[in-house]
Amino acid sequence: MPTDRRLGARAEVVRGTLEMLALTLLSDGPMHGWGLSLKLRELSRDVFDVNQGSLYPALQAMLRRGWIRAEWRASENNRRARYYSITAHGRDQLGMEIEEWNRTSAAVNRVIRYALSGA
Amino acid sequence: MAWYHEVAASFAALIGRRRQDAEMKEEINFHLEMEARRNVASGMSTSDAQRRARRDFGGVERHKDDVRDERGAGRLFDAWSDVRFAIRSLRQRPGLTMAATLTLALGIGATSAVFGVVKHVLLTPLPYENPDRVVAVWSAWKGFDQTWLSYDEWEGWKARVPAFSDIALYTDGAVTLDGDAPERLRAVNLHATMFSILGAPPERGRAFTAEEDRPGGPNVAILSHELWERRFGADPSVIGRRIQISGSATTVVGIMPAGFQMPLDYTLGERTDIYLPLGLDAQTAGSVPGPAFPKGGASHGFYGVARLAPNATPAAANAQLRTLVAELEQFGYMANVNFHAFVVPIDEQITGRVRPVLLVVFGAVVLVLIIACANVAGLLLVRGETRRRELAVRVALGAGASRLARLLITESAVLAALGGTMGIALATITVRLLRANAPAGLPRLTEVSVDWSVLMFALVVAALTALATGMLPLVHATHLAPAGELREGGRGATSGRARLRWRQLLVAVEIALAVVLVAGAGLMIRTVRNLLTIDPGFRSDGVLTMRVSTPSLWYPDSTRVVAFWDDVQRRVSALPGVKHAAAVRLLPLATEMGDWGLVIQGYTPPPNRGAPGDWQIVTPGYFETLGLTIREGRALNAGDDMHAPLAMVVNRAFEEQYFAGRRALGGRVRVGGSDTLHVYTIVGVVDDVHHNALVGTVKPQFYATLAQFAVAPGSTRRSMSLVVKTDGDAKALLMEVRATVRAVDPRLAVSEVRTMRDIVDAAIGGQRFAMETLGVFGVVALLLSAIGIFGIVSQVVASRFHELGIRAALGATPNDLMAIGLRSGLQQATSGLVAGIVAALLLTRVLHSLLHGVTATDPLTFVAVVVVTGLVAIVASVAPARRAARIDPNAALRVD
């Protein structure tokens, strides 16, 4: 994928996390892009406010992989908005990623705790 | 990863690009608007809120690009834009594009059509189960390379050849399906086990039982699928019903699957309509019961088919047969005639005769394809010349070698795609034409069609051509040095030479391959001419033939059969435009003839050998109708009826073999066994008629009238061919002749309507087919080479424009200048010719089995090829050479 190549390794980690969080939010029900962006900012207390626009390439990539699907619907204020919902394939993916995340963060926490206690 | 999502998304992206862009814009606008609204709600001014929303979003256009990239069609987009670029640049040179496309279409089309034929005829398995386990079983002895089995041999091989798991016999013939529109059907009488040996059970109903396959068994029949559809409307209830076959009520017990054919059907190019039990036992077949053999000879009249035992090979079967035959010869069966028995794998049996023809044609078409590719590569190379500056600019602007390569390959690919599409259309037409004009004697050709495998083949060929034609221009383009190209003003003398050499090499290859094809065509033309000059012993022009049978139901005795033919012959002869009419048992070159044992006064056959003679039964007038030459004595005539003394006419081979040093006229010959009292007197000798094949030795043959043969040996021919000699187009009289036969007896069915010309043509069908295809391919190859030479000479003249101008200024005459052009053309042709002759001398050997009366390295043919190719080279060089002659020294020197 051209983009994946252009993104640096660090950016890829951010993108991966962004995708996982978006999937998590979508597993509660369909949302449009702005709604997702807002929810992410609120829940993460603006940690993920770096660049609202980068959500859209991430969504497009997940669409392409078949993790989510999109459809146009009326929004809460009766405007046409593009709503994303998670697919079965996306749920499987999310399960794997959460598991992976838990393993990684647990490992990271262990290392940090060890380093701190050792200091 | 679910790759199909990716692929589907890519295509969706490619197709719905505009819509997706609009949606993306709407989505992002929605986001910005909602964000701005939120900002307003938190107390900002409208304009601040909007500015803030945009800033938080990040670069809108950059994110849009990222989204586009994520659609996953990036590479497809690139390819698509390459294709569009290629199409645009091809459209700029419509002439070249057209020429290249047509050339490729020709190459791809011809190759695909021939592949379709080869695949169908040689590669599609026969409609039998494990056809590689099925073999045809034959006997052979002196004068008979491959002939039928006797009933004793069937019994013997069945019991004593362990390599056979089973063996069965069949014979072919004809029956009449009675009814309102009586129809003559091709019938096969077969052993009940035949279908299980072939591994082809009926699709409906059942095969015959052993109980049905015995003398005096019930009248039962199995229909072909085609007959079932044609005559019974595919009604399944026909099974168990009784139909009238040649006057007998016959119960239908089964229907064969569609497309099923007996091995013989492929050879004859005709389909069996109906299957009947053989219904013989040793006694009725006149053989020794059980696996025993008689001393002496036997009557051979059955086709044999066997299935090999598990793990047995055809070679093993042949070895076992050899041992058995040696033993039998000791015992005295078919002794001293070099008798042997052998098997032929069934697919070789069916397609063995056409395999060399088809392989030759396929090889030829591949050569044409290579020539077409060389031609297109040459064209693209020329195009590369005119594009060097354009490409140099691209390189200077940073296009890498791989980018350039992609552009050029895409161009070839677009050409190949265009050519391939047209080629498939061409192949479809060609295959249709081939089917309509299928030379008789080429089995399975009428079933050929352009199916998916042919399409796949065309696709692969097109892809290969794209690579082949794109490679050379590519090699050149990647050697571009932009600085040099641009400074030079695009006229590089040295590199121009190098490129010319490449083109010269291409054209030399074209000419060489053309020479191979033309040489092949020349050899086949000589072969066909030689075959046509063989005197078959009869005159075929203006002779119409058709088969008519007189079933015993309506013609219970020979008197009535003879009366019927008298009547038909009299009425047909009276038709305007008809010179002669007669009836004959078997048409020459149409059906092989068997022999009859004779006892010839004054001739003692070698021990354990009889005096066989092929028996031809005719009505008076046959000799005139087919234009046979009487050497001595007289022809058979109306006086030779059943009350007159028995008279026969013999051929020269008969006279030479049985009357060596004696006078044949007046000789006495007894036909049939010793119990026959009737003896024929030879009243005439005719020139040999090539009955079984156009080439090969003619066997002793005798002619007797239908009326007298019914007296001795008492055999009435129920199926005869009517032959009508007209004084013009034989086919023109078809309706009248048919109407006349119908007027004599409306119940009788007429079949196998052919002209004698058709029959003779079919006899040399394979060679003629090879000749025609090689001829067409040779002409195409010459044309393509001519175009190549034309291009070379044009380029030589153009690249030496200055030099020629100087020469003109220094006093060279137009003739001198033209000679320079012509010389370059001939030089070009010569190198190709030399290479071609060498290649042809090596390659024409593959034609060996097809040639007749000419060797594969026939000097006359090769001289002719050199002359023809040289002439083509000169003609192709003349026009561009003329341009050299017309050079105006002023104009030539003023350029720059």
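All of these numbers come straight from a predicted model, not from anything done at the bench.

## Topic: the overall build of chain B
So, step 1. Scanning chain B from N- to C-terminus turns up 28 helices and 23 strands.
So, step 2. Counting all 896 residues of chain B, 52% fall into the buried class.
So, step 3. Put simply, 81% of the contacts in chain B that link residues at least 6 apart link residues at least 24 apart.
So, step 4. Accessible surface, chain B: about 39400 Å² in total, of which carbon and sulfur atoms supply 59%.

## Re the side chain of T111 of chain B
All names here are of chain B.
So, step 1. Checked against the element boundaries, T111 lands in helix α6 (residues 94-123).
So, step 2. Judged by relative accessible area, which is 2%, T111 ranks as buried.
So, step 3. With sequence-adjacent residues up to four places away left out, T111 is seen in contact with F362, V365, L369 and F457.

## Structural notes on the interface of chain A and chain B
So, step 1. Facing the 33 residues of chain A at the interface are 27 residues of chain B.
So, step 2. Carbon and sulfur atoms supply 51% of the area that chain A and chain B bury against each other, a total of about 2900 Å² over both sides.
So, step 3. At the boundary of chain A with chain B, the tally comes to 5 salt bridges.
So, step 4. The shortest N-O distance in the salt bridge between E26 of chain B and R80 of chain A comes to 3.0 Å.
So, step 5. At the junction of chain A with chain B, the criterion picks out 12 residue pairs in polar contact (both at pLDDT 80 or more).
So, step 6. Those elements giving two or more residues to the side of chain A that touches chain B turn out to be α1 (2-6), α3 (33-43), α4 (55-65) and β3 (80-86) of chain A.

## Observations regarding the sheet that holds strand β1 (residues 31-32) of chain A
Residues and elements named next belong to chain A.
So, step 1. The strand order across the open sheet formed by 3 strands is β1-β3-β2, and the pairing between neighbours is antiparallel. Each edge of the open sheet carries a strand with a single partner, namely β1 and β2 (68-74).
So, step 2. Where β2 and β3 come together, 7 bridges link them in antiparallel fashion. Within β3, the residue paired with R69 across the bridge is S85.
So, step 3. Packing against the sheet, α4 makes contact with β2 and β3, and its axis sits at approximately 115 degrees to β2.

## Some remarks on unusual backbone geometry
The phi torsion of most residues other than glycine is negative, and most of the peptide bonds are trans.
All names here are of chain B.
So, step 1. At S246, a position not held by glycine, the phi torsion is positive, near 45 degrees.
So, step 2. Unusually for a residue other than glycine, N311 sits at a positive phi of about 75 degrees.
So, step 3. Positionally, N311 belongs in the loop between β11 (300-308) and α11 (314-331).

## A closer look at the packing of α3 of chain A against helix α2 (residues 17-41) of chain B
So, step 1. Close contact between α3 of chain A and α2 of chain B brings their axes to 8 Å; oriented N to C, the two are set at 45 degrees. The orientation of α3 of chain A with respect to α2 of chain B, classified from their angle, is oblique. Each of G33, W34, S37, L38 and R41 of chain A in α3 of chain A lies in contact with α2 of chain B, whose residues at this interface are F30, H31, M34, E35 and R38 of chain B.
So, step 2. Residues of the contact of α3 of chain A with α2 of chain B, tallied by class, amount to 4 nonpolar, 3 polar and 3 charged.

## A word on a nonpolar patch on the surface
All names here are of chain B.
So, step 1. The grouping of W452, M456, L459, V460, L464, L467, M471 and V475 at the surface amounts to a nonpolar patch, some 810 Å² of accessible area in total.
So, step 2. Looking at where V475 falls in the secondary structure, it is placed in helix α15 (residues 452-477).
So, step 3. Residue V475 is classed as partly exposed on the basis of its relative accessible area, which comes to 34%.

The rules behind these values
- Residues numbered from 1 in each chain as written.
- Chains lettered and ligands numbered in written order.
- Predicted model: local features only at pLDDT ≥ 70, side-chain atom pairs only at ≥ 80, totals over all residues.
- Heavy atoms only, no water.
- Helix = DSSP H or I, 4+ residues; strand = E, 2+ residues; numbered from the N terminus.
- Buried < 20%, exposed > 50% of the residue type's maximum accessible area, 1.4 Å probe, protein only.
- Contact = heavy atoms within 4.5 Å.
- Areas by Shrake-Rupley, 256 points an atom, 1.4 Å probe, with all protein chains shown as cover.
- Buried area = accessible area lost by both parts, 1.4 Å probe.
- Salt bridge = Lys/Arg side-chain N within 4 Å of Asp/Glu carboxyl O.
- Polar contact = N/O pair within 3.5 Å; in protein donor to acceptor, adjacent residues only side chain to side chain.
- Pairing = 2+ DSSP bridges.
- Axes fitted to C-alpha atoms, helices over the stretch in contact; angles between N-to-C directions.
- Parallel < 35°, antiparallel > 145°, perpendicular 65-115°, else oblique.
- Nonpolar A, V, L, I, M, F, W, Y, C, P; charged D, E, K, R; others polar.
- Patch = residues over 30% accessible without salt bridge, like charges linked within 9 Å, V, L, I, M, F, W, Y side chains within 5 Å.

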